[in-house]
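Structural overview for review
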Amino acid sequence: MFMQLAKIYKQTEFDLEYEKFKKIYPDAAKFLDESDLLDRWTRAYSPRSRYNIMTTNDVGSINVRLREERKLPIIALLNSLQTLTTSWFSRYRNASVASITNFTPTVESILCERFNIGRGYQVYELGHLEFDVRSATNSDLVDLESKRCTCREFDIDKIPCSHAIAASYFCDVNFYSLCFEYYYVMIWYLAYSEPIYHVLNQNEWPLDDMLVLPHVIKRRRGRKKQNRFPSVGEFGRRYD
Ligand SMILES: [Zn+2]
């Protein structure tokens with residue numbers, strides 16, 4: 001329920017659902033109220049346009065993959081990281097090259113889903129590229145020129161919401177043209193296009209003009225404690 005709350009777009013809808021949450025989980029709600037960090041964990045009150053990935057799964061995945069490697073010396077650790085990230089980069093670069101659509105597969109499937117939802121809406125033209133889009137239970141205002149909708153999905157995700165798609169269909173605008181350029185396959189490709197190189201063999205390092213001394217480390221007494229790397233997002237750090 002907490003994760004569902006975090007993903008809500010509209011503040012009015014969030015407030016309503018949060019009241020229900022308070023009744024079911026009063027202790028958790030008390031903790032959240034006292035921490036006063038609504039802008040950090042909710043999409044509805046975030047001052048920025050949060051991307052739709054709201055987990056730290058990737059960081060957790062790296063933690064697991066590097067469980068053994070992180071005990072290695074720094075160069076070996078860096079090379080392990082390079083091997084891991086290079087394999088991921090190759091996978092997504094190859095997927096982007098093989099793609100036959102204009103937008104990434106995730107965005108294509110979101111658009112398809114929203115298009116199907118939008119087919120059930122009634123659309124009323126209000127002004128130049130402004131529309132009132134009504135479903136059985138709601139009414140939302142869409143402005144195709146400024147790429148905004150009162151549901152806030154269009155504003156935040158930068159992908160047309162079902163209302164915007166219904167409005168664009170109504171006025172014969174290609175809804176693909178309303179998607180932000182970040183989601184083009186070409187941009188996806190560029191994100192993974194740069195190679196990450198292996199650290200050179202030590203005898204090939206260009207050290208002619210450089211003297212690198214080891215860092216002075218004060219060793220504590222007793223057995224060395226092994227902690228996992230803290231994930232981004234823990235300890236109150238921002239994910240965005
Ligand atoms: Zn909308």
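In what follows, the accompanying structure is described.

With respect to the coordination of the zinc ion
Within the protein, the zinc ion binds to Cys149 (SG), Cys151 (SG), Cys161 (SG) and His163 (ND1); these donor distances fall in the range 2.2 to 2.3 Å. If you look at the zinc ion, its four donor atoms make angles of 108 to 111° with each other, and the shape they trace is tetrahedral. Donor residues binding the zinc ion come from one chain and are separated in sequence as C-x1-C-x9-C-x1-H. In this pair, cysteine 149 sits in strand E4 (residues 148-149) while cysteine 161 sits in the loop between helix H8 (153-157) and helix H9 (162-170), placing the two residues twelve residues apart along the sequence. Assigned by exposure class, cysteine 149 and cysteine 161 land together as buried.

So, the packing of aromatic side chains
This structure, assessed with the given rule, holds 17 aromatic pairs. Pairwise contacts between aromatic rings join Phe2, Phe14, Tyr18, Phe21, Tyr25, Trp41 and Tyr45 into one cluster. Over the face of the ring belonging to tyrosine 124 we find arginine 134, whose NZ or CZ atom lies 4.6 Å from the ring centre. A cation over an aromatic ring shows up here: lysine 147 above the ring of phenylalanine 180, its NZ or CZ 4.8 Å from the ring centre.

Looking at helix H6 (residues 74-98)
For an α-helix the count is 3.6 residues per turn, leaving residues at separations of three or four pointing the same way. Its 25 residues place the ends of H6 36 Å apart at the C-alpha level, agreeing with the 36 Å of an ideal helix rising 1.5 Å per residue. Taken as a whole, H6 has its buried residues at Leu77, Asn79, Ser80, Gln82, Leu84, Trp88 and Ser96.

Digging into the pattern of salt bridges
Under the criterion given, the structure shown has ten salt bridges. Here glutamate 17 ties to lysine 20 by a salt bridge, and the two come within 3.1 Å at their closest N and O atoms. Here the residue glutamate 17 and the residue lysine 20 both occupy positions in helix H2 (residues 11-24), the gap between them amounting to three residues, near one helical turn. Its relative accessible area of 43% is what places lysine 20 among the partly exposed residues.

What counts, and where the lines are drawn
Residues numbered from 1 in each chain as written. Predicted model: local features only at pLDDT ≥ 70, side-chain atom pairs only at ≥ 80, totals over all residues. Heavy atoms only, no water. Donors = N, O, S within 2.8 Å, 3.2 Å for Na, K, Ca; no water. Tetrahedral: all angles 85-135°; square planar, octahedral: opposite > 155°, others 65-115°. Helix = DSSP H or I, 4+ residues; strand = E, 2+ residues; numbered from the N terminus. Buried < 20%, exposed > 50% of the residue type's maximum accessible area, 1.4 Å probe, protein only. Phe/Tyr/Trp six-rings, centres within 6.5 Å; stacked < 30°, edge-to-face > 60°. Lys NZ or Arg CZ within 6 Å of the ring centre and 35° of its normal. Expected span 1.5 Å × (residues − 1). Salt bridge = Lys/Arg side-chain N within 4 Å of Asp/Glu carboxyl O.

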